[in-house]
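# Working through the structure, step by step
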Amino acid sequence: MLIVQKYGGTSVGDLDRIQNVANRVAKTAQEGHQVVVVVSAMSGETNKLIAYAEHYTPTPARDEVDMLLSSGERVTAALLSIALNAMGHKAVSMSGRAAGIVTDAVHTKARIEHIDPSQMRREIDEGKIVVIAGFQGVNESGRVTTLGRGGSDLSAVAVAGALQADLCEIYTDVDGVYTTDPRIEPKAKKIDRISYDEMLELASLGAKVLQNRSVELAKKLNVNLVTRSSFSDAEGTLITKEENIMEQPVVSGIALDKNQARISMRGVIDRPGIASDIFGALASANVNVDMIIQTVGQDGMTNLGFTVPKTELNDAKAVTDRFIDKLEIKGAECDDSICKVSIVGVGMKSHTGVAAKAFSTMASENINIMMISTSEIKISMVIQEKYAELAVRSLHAAYRLDQ
Ligand code: ADP
Ligand code: ASP
Ligand code: MG
């Protein structure tokens, strides 16, 4: 089999842990498999590098940030290859560029456009273990790009797709995907199998055990994806097609996203095209808008609220300020002390009362819901950040996920 194994930051967190990864990779190779490894930077490294850049300015040039951040994964790729070679294995490390990963030019959150796997192929055919620096690629003009936080998962899935690997294993510091973050609710249960769609919702709504775009791509390319622990031999979680799962629970999991902020625009001129203008400008500024609420207009004015990732709040504020200058908005207040809790489950499609239970659970804890949004398989609520953990634990219990 050709197996792609991705090891996250904690799994390569120090030199001993890199040795532990080398041992695992070597074992897989000794079992007769071809192995391609994708690595993250050592845990904390990416944050440290971002802080370095922000030492000089709160808005460092994004292409330089990418140049800086991409170094973190290159360090671990080289160290892992050195460790494997020292053990007598033939291994070679590669940057994203050498692995043929070509992206668009949206620095710090680039999208992979295509992969030229020829160099990886050559090395694999020569019997080598290929170790790829995750999280990075190169754009058409040859500049290094990075794929957004948690992006090494995406590198792994994309490489697995390009090489038509039999399996893509994501090794992390938990045994698999749980009904909620086990760090918040120790009673959370490991899920043996979960559908791509539910995993995509959980990941998009804050469960960082997998990066959402990696799940999206795995679904598209039909990659067999497994998450498991690099610290144990426990069986992990298989992310697969819905039809491969026998019994669908109504609710599969609870997700929490603390990287959320809200902007409330007051006195928005109520004319056709205003929403298109504001949200078009936000899209052009590469701001990811999530929930939107508009209240009923009065006297030619309306109020519009929306949420964005905290990390994009400054960019979003710059856009709304332009509309204030143009006198199309009276004011815009930012609130970054909010979070979003979500309930996910494909079984919701055929059950009633799921949303009502979420709201009554919040009510019984005296937690005020500021925004709500729903889809066929999820319910999301924006609440004050200080209630985040309480909300997750009470919802987890209310839907009996600990049973
Ligand atoms: P890595 O560095 O290996 O990529 P991450 O820190 O990105 O690891 O993701 C693993 C973490 O995701 C876990 O330590 C856990 O706290 C968190 N997490 C959040 N939600 C879940 C969930 N539903 N199941 C498992 N882990 C989760
Ligand atoms: N090192 C990057 C990050 O911390 C990418 C990754 O770990 O997947 O976001
Ligand atoms: Mg991760």
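Above this text is the structure in question.
Residues numbered from 1 in each chain as written. Chains lettered and ligands numbered in written order. Predicted model: local features only at pLDDT ≥ 70, side-chain atom pairs only at ≥ 80, totals over all residues. Heavy atoms only, no water.

What follows concerns helix α3 (residues 62-86). For α3, spanning 25 residues, the distance from its first C-alpha to its last is 37 Å, which sits close to the expected 36 Å at 1.5 Å a residue. Listed as buried for α3 are V65, D66, L69, S70, G72, E73, T76, A77, L80, S81, A83 and L84. Note on α3: the residue one or two positions beyond its end, G88, has a positive phi of about 95 degrees. (Helix = DSSP H or I, 4+ residues; strand = E, 2+ residues; numbered from the N terminus. Expected span 1.5 Å × (residues − 1). Buried < 20%, exposed > 50% of the residue type's maximum accessible area, 1.4 Å probe, protein only.)

A few words on the site of ligand 1. The full set close to ligand 1 counts 17 residues, and T172, D173, Y178, D181 and R183 are the nearest of them. The backbone of Y178 places a nitrogen or oxygen atom 2.9 Å from a nitrogen atom of ligand 1. R183 places a polar side-chain atom, nitrogen or oxygen, 2.6 Å from an oxygen atom of ligand 1. Burial of ligand 1 by the surrounding chains reaches 90%, relative to a free accessible area of 580 Å². Counted by class, the shell around ligand 1 contains seven nonpolar, five polar and five charged residues. (Near = heavy atom within 4 Å. Polar contact = N/O pair within 3.5 Å; in protein donor to acceptor, adjacent residues only side chain to side chain. Areas by Shrake-Rupley, 256 points an atom, 1.4 Å probe, with all protein chains shown as cover. Nonpolar A, V, L, I, M, F, W, Y, C, P; charged D, E, K, R; others polar.)

Taken as a whole and judged by the stated rule, the model has 21 salt bridges. Among the ionic contacts, a cluster of salt bridges with common partners joins D63, E64 and R143. (Salt bridge = Lys/Arg side-chain N within 4 Å of Asp/Glu carboxyl O.)

A separate point is the state of the cysteines. The tally for this structure, following the rule as stated, stands at zero disulfides. Unpaired in this structure, C334 has its nearest cysteine sulfur neighbour in C339, at a distance of 17 Å. (Disulfide = S-S within 2.5 Å.)

Attention now moves to the site of ligand 2. The local shell around ligand 2 consists of S40, T46, E73, F135, R149, G150, G151 and S152. Side-chain polar atom of E73 to a nitrogen atom of ligand 2: 3.0 Å apart, as the coordinates give it. One nitrogen or oxygen atom from the side chain of R149 is found 2.7 Å from an oxygen atom belonging to ligand 2. The residue makeup of the shell around ligand 2, split by class, is one nonpolar, five polar and two charged.

Read these as spatial facts, not as claims about activity.
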